[in-house]
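Listed below, chain by chain, are the residues.
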Amino acid sequence: MTAVNLPPEVPADIQPGDAVRPGRPVHVSRYTLAARINHWITAISLVALALSGMALFTPRLFFLTGLFGGGQWTRTLHPWIGVVLFCSFAILFVRFWRANLPARVDVTWLAHANDLLAGREEKMPEVGKYNAGQKGVFWAMSALIIVLIVSGIVMWDQYFYDLTTIPQKRVAILVHAMAAVVIICVWIVHVYAAIWVKGTMGAMTRGEVTGGWAWRHHRKWLRELVSRKPRAPAE
Amino acid sequence: MFPPIPNPSVSPDAAKPRFGEKDIMRRSASEVTPPAQRLTEVAKLIDVSKCIGCKACQAACLEWNNLTEEIGFNHGVYENPMDLTPNTFTLMRFTEWENPETENLEWLIRKDGCMHCEDPGCLKACPAPGAIVQYSNGIVDFQHENCIGCGYCIKGCPFNIPRISKVDHTAYKCTLCSDRVAVGQGPACQKACPTQAIVFGTKQEMKDWADFRIKDLKSRGFENAGLYDPQGVGGTHVMYVLHHADQPSIYANLPDNPRISPIVDAWKGVTKYVGLAAMGFAAAAGFLHYVVAGPNRVTAEDEENAEKLTEGKGPAKGPPSAPPPAPPSGPAGHEGRAT
Ligand code: HEM
Ligand code: SF4
Ligand code: SF4
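Under an unreviewed UniProt entry, the name given to chain B is Formate dehydrogenase iron-sulfur subunit, and the organism recorded is Ancylobacter amanitiformis. As its UniProt record puts it under Subcellular location (unreviewed entry), chain B is described as follows: "Cell membrane".

In the nomenclature of an unreviewed UniProt entry, chain A corresponds to Formate dehydrogenase subunit gamma from the organism Ancylobacter amanitiformis. Per UniProt, chain A carries the Cofactor (unreviewed entry) text "heme". If you open the UniProt record of chain A and go to Subcellular location (unreviewed entry), you find "Cell membrane".

Shown next, in the form of structure tokens:
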């Protein structure tokens, strides 16, 4: 039924719901409603975690606790939002991981990353549903969220104080703070890519991109979709 | 005998606090200009060799601070409760130690509690402005209305002292009876001690008194008697006279060389600067790139190519078997295969 059972027929980067609708312009479905809701829950919790975490990270941003109802509430809510993020991302991971498996083309793509940034898109190789940059964001987020939840639980004194020693908690908080910095940087890259590459937002709002967008940025994926049935995914 | 602190005067001006807001030398998560003139440093001296383990101090602490410890269990040892708690700011810790030189069993009793460090790790770690303050007389005090209960102070403290209350979710520890000291009294524990194992005064008086005690101990054969005023935390405002000052850790794990953990230093120091710089750099790089390179727009040509591709291949062309060979080896030309 899904790609898992039909590896030779359905390329790994074609996901349930991906489809092309001919027209002017061509419409390409990229994310199902469920995937979008899943994504936005993840996104909102990540931003809330970054804000509440940063409030404790540096006194200059302590005022951000006001967004969460004060310091005590920030301290209480942050780990719980972390649990929401973890669960939500876990579902997202199951949805997206196959399409994010590394491919040979990723190496070529990375070698031409400078051309992309300089606007010489025509020099880029044809890529599937995700390019190497997107895959990097995906795997970085996956790894960092695991690091953050593990270190976060070690620091979650209200429930887990007795599980670890104080020296362990010190390591955990250092790791947590560093991982938080890295994940926020990854998040900035991710959001910037979505802003810079026009037409991308539609993928996560309406679930659709135009054919031109797919042609320009994910031509291999578009070809795969076109060479399959245009509408209903193979059953 | 050390001259006892006289009973409080009943005259109204004696109630005027001797130190307060204006004497704050450090304030957690805040920049303060330290007062131009530092108050005379105070200190509490705990002479372990004089302590009889009666726990009058522990009881006096509960009483003065209006605390009630939960009814616990008898674990068959003298410690009760087994650790510091949000209600037990001070705890008598008992160690049975066999002296390898004399083969004597020594019963070591140490009054555990906040050391009122000159360089307090709790204050350094605390993220909440004003939840921990240090007065220029050396007292480190927690301000519960500003505390958010995060427990960072626990990670910062080299002595494992603060505890978070499950009731109001704020951190508690010994205040050095800042309220009593402010009106010229000694701490409640000091007042209650029947043997003068606990004395209180200026830091200098306490050091002098400790010298006298150490000389006495040495004359009685305790060659290693000495003062515990660890310099790794800049000295403390609670000090011990130890008969085995060469090995503090035999006294229920009193740290031999306490200092703020290097991990805490890294976390509260370089991580903050590098972290903020990295995030700022990422955001600035994005902004600059946008300004310089401009947005990456889909062209009309891209749309046309996509239309040709979809129409050219038409709906359901053949079985969806082999996807078009991916030609990743080289840059794909703009005209592609679709035209
Ligand atoms: C995934 C599950 C997570 C858990 C269980 C968790 C838990 C915690 C806990 C317990 C604290 C201590 C303060 C408090 O008690 O509220 C904390 C601090 C913090 N968290 Fe998280 N967190 C998680 C995810 C995240 C994420 C995704 C970010 C960043 C986007 C983040 C950023 C921070 C930061 C910056 C701090 C402050 C560290 C410091 O003061 O140096 N956390 N977290
Ligand atoms: S729990 Fe400790 S570190 Fe956290 S705000 Fe309260 S005093 Fe500061
Ligand atoms: S002993 Fe711990 S709680 Fe007391 S002042 Fe030093 S660091 Fe703070």
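Helices and strands together make up the secondary structure of chain A, namely 10 helices and three strands. Scanning chain A from its N terminus toward the C terminus, one meets helices and strands in the order β-β-α-α-α-α-α-α-α-α-β-α-α. Oriented by its inertia axes, the alpha-carbon framework of chain A measures out at about 60 × 40 × 30 Å. Counting only residues that meet the buried cut, chain A has 53% of its 235 residues in that class. The long-range share in chain A, meaning contacts at least 24 apart out of those at least 6 apart in sequence, stands at 71%. Summed over its atoms, the accessible surface of chain A is roughly 10800 Å², and 72% of this surface lies on carbon and sulfur atoms. In chain A, 24 side chains carry a positive charge and 13 a negative one; their mean positions are 4 Å apart.

The UniProt record annotates "domain: Cytochrome b561 bacterial/Ni-hydrogenase" (unreviewed entry) at residues 30-206 of chain A. Structurally, residues 30-206 of chain A comprises 72% helix and 0% strand, and the distance from its first C-alpha atom to its last is 9 Å.

Here we take up the confidence of the model for chain B. On average, residues of chain B score 91 in pLDDT, and 92% of them reach the 70 mark or higher. The complex model carries a pTM of 0.91, and its ipTM stands at 0.90.

On to the side chain of B:E79, then. Among the secondary structure elements, B:E79 is positioned in the loop between helix 1 (56-64) and strand 3 (91-98). Dropping the residues within four chain positions of it, B:E79 is found in contact with B:K55, B:M92, B:R93 and B:F94.

Around ligand 3, the structure places 14 residues, and the nearest of them are B:C114, B:M115, B:C117, B:C122 and B:C157. The residue makeup of the shell around ligand 3, split by class, is 11 nonpolar, two polar and one charged.

So, about the site of ligand 1. Among the 25 residues in the neighbourhood of ligand 1, the closest are listed as A:R75, A:H78, A:H176, B:W267 and B:K272. More than one chain reaches ligand 1: the nearby residues come from chains A and B. With respect to ligand 1, the side chain of A:H78 contributes an N or O atom lying 2.7 Å from a nitrogen atom. Between ligand 1 and B:K272, the relevant distance is 3.0 Å, taken from an oxygen atom to a side-chain nitrogen or oxygen of the residue. Those elements giving two or more residues to the shell around ligand 1 turn out to be helix 1 (33-57), helix 2 (71-96), helix 5 (132-155) and helix 7 (166-196) of chain A.

On to the environment of A:P125. Counting through the fold element by element, A:P125 comes out in the loop between helix 4 (113-117) and helix 5. Between the C-alpha atom of A:P125 and that of A:I166, which follows or precedes it by 41 residues, the distance is 51 Å.

Per the domain assignment, the segments making up chain B are domain 1 (21-260) and domain 2 (271-338). Spacing between the C-alpha centres of domain 1 of chain B and domain 2 of chain B amounts to 64 Å.

Our focus in this paragraph is the side chain of A:H39. Residue and element names in this part refer to chain A. Among the structural elements, H39 can be located in helix 1. Note on H39: relative accessible area 13%, which makes it buried. Discounting residues that sit within four places of it in the chain, H39 has contacts with L92, H190 and M204.

Moving on, we get to the packing of helix 1 of chain A against helix 8 (residues 270-293) of chain B. Across the interface, helix 1 of chain A lies against helix 8 of chain B with an axial gap of 12 Å and an inter-helix angle of 140°. When the axis of helix 1 of chain A is compared with that of helix 8 of chain B, the two are oblique. Crossing geometry of helix 1 of chain A relative to helix 8 of chain B is assigned as left-handed. In contact with A:M54, A:L56 and A:F57 of helix 1 of chain A, helix 8 of chain B contributes B:T271, B:K272, B:L276 and B:M279. Among the residues forming the contact of helix 1 of chain A with helix 8 of chain B, the class breakdown is five nonpolar, one polar and one charged.

Calculation notes
- Residues numbered from 1 in each chain as written.
- Chains lettered and ligands numbered in written order.
- Predicted model: local features only at pLDDT ≥ 70, side-chain atom pairs only at ≥ 80, totals over all residues.
- Heavy atoms only, no water.
- UniProt positions renumbered as here; feature names shortened; annotations may be inferred.
- Helix = DSSP H or I, 4+ residues; strand = E, 2+ residues; numbered from the N terminus.
- Buried < 20%, exposed > 50% of the residue type's maximum accessible area, 1.4 Å probe, protein only.
- Contact = heavy atoms within 4.5 Å.
- Areas by Shrake-Rupley, 256 points an atom, 1.4 Å probe, with all protein chains shown as cover.
- Lys, Arg positive; Asp, Glu negative; His and termini not counted.
- Charge placed at Lys NZ, Arg CZ, Asp CG, Glu CD.
- pLDDT = per-residue confidence, 0-100.
- Near = heavy atom within 4 Å.
- Nonpolar A, V, L, I, M, F, W, Y, C, P; charged D, E, K, R; others polar.
- Polar contact = N/O pair within 3.5 Å; in protein donor to acceptor, adjacent residues only side chain to side chain.
- Domains from an automatic or database assignment.
- Axes fitted to C-alpha atoms, helices over the stretch in contact; angles between N-to-C directions.
- Parallel < 35°, antiparallel > 145°, perpendicular 65-115°, else oblique.
- Left-handed = near helix turned anticlockwise from the far one by under 90°.

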